[in-house]
Amino acid sequence: MSILVTGGTGFIGSHTTVELINAGYDVVIIDNLVNSCKGVIDRIEKITGKRPRFYENDLLDKAAVEKVFEENEIEAVIHFAGLKAVGESVTIPLTYYHNNLTGTLILCEVMKAHNCKKIVFSSSATVYGDPHKVPITEDFPLSTTNPYGSTKLMIERILSDVFVSDTDWSIMLLRYFNPIGAHKSGLLGETPNGIPNNLVPYIAQVATGKREFLRVWGNDYNTVDGTGVRDYIHVVDLALGHIKAVEYVLKNKGVEAVNLGTGHGYSVLQVKDAFAKASGKEIPFKIMPRRPGDIATCYADTTKAKKLLGWSAQYGIDEMCQDSWYFQQQNPDGITE
């Protein structure tokens, strides 16, 4: 029996695959490599000593997804695959809705046909919209401020409706906050194609001189220094949270939404300063206008994750930045092959 990881060569998917293998699971990956590369598979094997089975396919190709299930005995799915940049989603919303929703619908149809009814979904704190207060608990009202977040919320509703129609399903909706950091080996980390959409990869490229300065989107929010505050979580902590979630869905039925975060917020400038400390490099920055869809403050209440899954984050912001910097030093051009 295997765990299928969609988007398994991506940033979070690759780290989760490592932890799955380390925990004794057989892993099958499907990924279209739109924002990653095949060389990640070699690196996973180098870290774990075991090579996951890999299919270079798109979830929009139903026949390809069928083939994965026909050739493997899939026990459960961790669903990462999807477009994920907030700013880009505002610019090309139709692409986001088509890719993220249709891919998930096809995946669920094929899962149902093969009697695989256990799924851990990669959701996001964006489903909380602009929260009325912090920290955020799972029972907060749900809304969105951008198309990316809307696709996550719609998929949560789709999966919840699937359970209503068939209570044999086991569904875990993991609403996680802002993953950063990298694997301690320096072999895996965040390597976006093109200009990074996320904060820390961009800071890392400024630190190496690849980019001239960091663009800080807005400094007039009601926060400690005017810049946006987020709950940053080490990607390895996040990956371990997925292992706990898989263990849960394999033993239980139902739908559960769970926050994965540290429960602490850091501003953009605080993260910049932590990275400067880790790298010993100055990080020049310029204040830019606010981005559409961004909110002021967002961090998690992680009580439910501790109670339901027995999970809590272990790493702080300094270790997150240290590991990101080590990865950047080992891979100045990212993972390219």
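The model shown is predicted, which means the values in this text are computed figures rather than measured ones.

Conventions we followed
Residues numbered from 1 in each chain as written. Predicted model: local features only at pLDDT ≥ 70, side-chain atom pairs only at ≥ 80, totals over all residues. Heavy atoms only, no water. Helix = DSSP H or I, 4+ residues; strand = E, 2+ residues; numbered from the N terminus. Buried < 20%, exposed > 50% of the residue type's maximum accessible area, 1.4 Å probe, protein only. Lys, Arg positive; Asp, Glu negative; His and termini not counted. Salt bridge = Lys/Arg side-chain N within 4 Å of Asp/Glu carboxyl O. Contact = heavy atoms within 4.5 Å. Expected span 1.5 Å × (residues − 1). Polar contact = N/O pair within 3.5 Å; in protein donor to acceptor, adjacent residues only side chain to side chain.

S.K.: Explain the side chain of Glu19 to me, please; I cannot follow it from the model alone.
M.R.: Tracing the chain through its elements places Glu19 in helix α1 (residues 11-22). Lys184 provides the closest opposite charge to the buried, unpaired Glu19, separated from it by 11 Å. With residues near it in sequence (within four places) discarded, Glu19 still touches Val236, Ala239, Leu240 and Ile243.

S.K.: Before we go on, may I ask you to explain the pattern of salt bridges in this structure?
M.R.: Opposite charge on two side chains permits pairing when their charged atoms draw close. All told, the structure shown has 17 salt bridges when counted by the stated rule. Of the charged contacts in the structure, one is a salt bridge between Asp166 and Lys117, with a shortest N-O distance of 2.6 Å. With Asp166 in the loop between α6 (147-165) and β6 (170-176) and Lys117 in the loop between α5 (93-113) and β5 (118-124), the pair connects residues that are 49 residues apart, well separated along the chain. Accessibility classification places Asp166 together with Lys117 in one group, the buried group. One salt bridge connects Asp168 with Lys253, and the closest N-O pair in it is separated by 3.1 Å. With Asp168 in the loop between α6 and β6 and Lys253 in the loop between α8 (235-251) and β11 (254-260), this pair connects stretches of sequence that are 85 residues apart. By relative accessible area, which is 54% here, Lys253 ends up exposed.

S.K.: What is the right way to read α6 from this model?
M.R.: The α-helix advances 3.6 residues per turn, and as a result positions three or four apart in sequence lie on the same side. The terminal C-alpha atoms of α6, which comprises 19 residues, lie 27 Å apart, in line with the 27 Å expected from a rise of 1.5 Å per residue. All of the buried residues in α6 are Pro147, Tyr148, Gly149, Ser150, Thr151, Lys152, Leu153, Ile155, Glu156, Leu159 and Val162. Backbone nitrogen of Tyr148 and a side-chain oxygen of the N-cap are separated by 3.3 Å at the start of α6; the cap is Asn146.

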